[in-house]
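Reading the structure
The residues making up each chain are set out below.
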Amino acid sequence: MTDPADKRRVADMAYDAIESMIATLVLKPGAPIVEAELIERTGLGRTPTREALMRLVANGLIVQLPRRGLLVSDIQLAEHLDLLEARRTLERLIAQTSARRATPPQREALQHCAADMAAAAKRGDLPGYMQADQALDHVNHQACRNTAAVAAVIPMVIQCRRFWYAYQHQGDIAEGARCHVLLADAIARGQADEAGAASDRLMDYLRQFAQQVIA
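Since this is a predicted model, take the numbers as computed values, not measurements.

Some details on the packing of aromatic side chains
- Applying the stated criterion across every chain yields a total of five aromatic pairs.
- Between W164 and Y205, the ring centres sit 6.3 Å apart and the planes meet at 45°, which makes this aromatic pair tilted. Placement of the pair is W164 in helix 7 (residues 147-166) and Y205 in helix 9 (residues 192-214), with a sequence separation of 41 residues.
- Take W164: its relative accessible area is 5%, and that puts it in the buried class.
- Using a relative accessible area of 8% as the deciding quantity, one classes Y205 as buried.

So this is what it looks like as structure tokens:
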């Protein structure tokens, strides 16, 4: 009998793989979702792929339309600033609780991820930068131990990541890395107030980037 935990891990793998394809614009806005192609690309089965697609619909990255099936959702420029406003509150909460609750290995991992982001930014390696950013988010979300906040913020994080890939030519990854280094350092030192302020600085940076795109 298959272990439910193993099934969950496979479903998570399928979700991560498809989410990455959407966030990095391998699957572009408006593109149809072809289940058989995704199964072939990921090397995973039909059941975990379908579970992943259901989660992506719930998170707003995929839409289901009558007679058209599943499509990758469009990037909504007009709504992006509202998304960042909501994300700001959640990220501050997550940062502050991580500063209080993170284990020593998690604090070290956050600093390592931020250092990887800074190194990738210095060499102009956007894929490496985004991979380190995603790794930092994973550690931060685990460290805060607030599943409600994490569940609410993840769809926003993914939308922001996709927004960045779409308009990266207007971004400053060196500044983005600096904001993440300040955030990771504050959490690592257990300074909740500083972590909240660093989170706000990061959101200010993302808002400025979005305003440049929308203007």
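After that view, the rundown keeps rolling.
A closer look at the nonpolar core
- With 37 residues, the main nonpolar core has L126, Y129, L136 and W164 as its most contacted residues.
- Elements with a contribution of two residues or more to this core: helix 4 (77-101), helix 5 (104-122), helix 6 (126-144), helix 7, helix 8 (173-188) and helix 9.
- Among the elements that line this core, the one with the most residues is helix 9, at ten residues.
- If we ignore the near neighbours within four places in the chain, the residues touching L136 are L110, C113, A114, M117, H180 and A184.
- Judged by nonpolar contacts, the second largest core, of 17 residues, contains I22, L27, L44 and L56.

What to know about helix 6
- For helix 6, with 19 residues, the first-to-last C-alpha span of 27 Å sits near the 27 Å given by 1.5 Å per residue.
- Most of helix 6 is tucked away: 14 of the 19 residues are buried.
- N-cap assignment for helix 6: the residue whose side-chain oxygen lies 3.0 Å from the backbone N of G128 is D125.
- The first or second residue beyond helix 6 is R145, which carries a positive phi of 55°.

Details of the pattern of salt bridges
- According to the stated counting rule, one finds 13 salt bridges in the structure shown.
- Residue R88 pairs with D200 through a salt bridge whose shortest N-O separation is 3.8 Å. Here D200 lies in helix 9 and R88 lies in helix 4, a separation of 112 residues in the sequence.
- The partly exposed category is assigned to R88, whose relative accessible area is 29%.
- Taking relative accessible area as the criterion, D200 reaches 14% and is therefore assigned buried.

Cut-offs and rules
- In every chain, residue numbers begin from 1 and rise along the written sequence.
- Whole-chain, interface and lining totals are the exception, using all residues; otherwise, since this is a predicted model, local features are given only for residues with pLDDT of at least 70 and side-chain atom pairs are given and counted only at 80 or more.
- To obtain the side-chain values, all non-hydrogen atoms of the structure were used and water was disregarded.
- Centres within 6.5 Å are what make two rings of Phe, Tyr or Trp a pair, Trp counting through its six-membered ring; a difference in plane orientation under 30 degrees is then read as stacked, over 60 as edge-to-face, and the rest as tilted.
- Strands are runs of DSSP state E lasting at least 2 residues, helices are runs of H or I lasting at least 4, and numbering of each runs from the N terminus.
- Note on classification: 1.4 Å probe, protein chains only; a residue is buried when its accessible area is under 20% of the maximum for its type, exposed when over 50%, partly exposed between these limits.
- Grouping buried Ala, Val, Leu, Ile, Met, Phe, Trp, Tyr and Cys residues that are joined through side-chain atoms within 4.5 Å yields what is termed a nonpolar core.
- Residue contacts are counted whenever heavy atoms from the two residues lie within 4.5 Å of one another.
- By this rule the span expected of a helix is its residue count minus one, scaled by 1.5 Å.
- A 3.5 Å cut-off defines polar contacts: any pair of N or O atoms within that distance qualifies, except that in protein one atom must be a possible hydrogen donor and the other a possible acceptor, and neighbouring residues in sequence count only when both atoms are side-chain atoms.
- The term salt bridge refers to a pairing of a side-chain nitrogen on Lys or Arg with a carboxyl oxygen on Asp or Glu at a separation within 4 Å.

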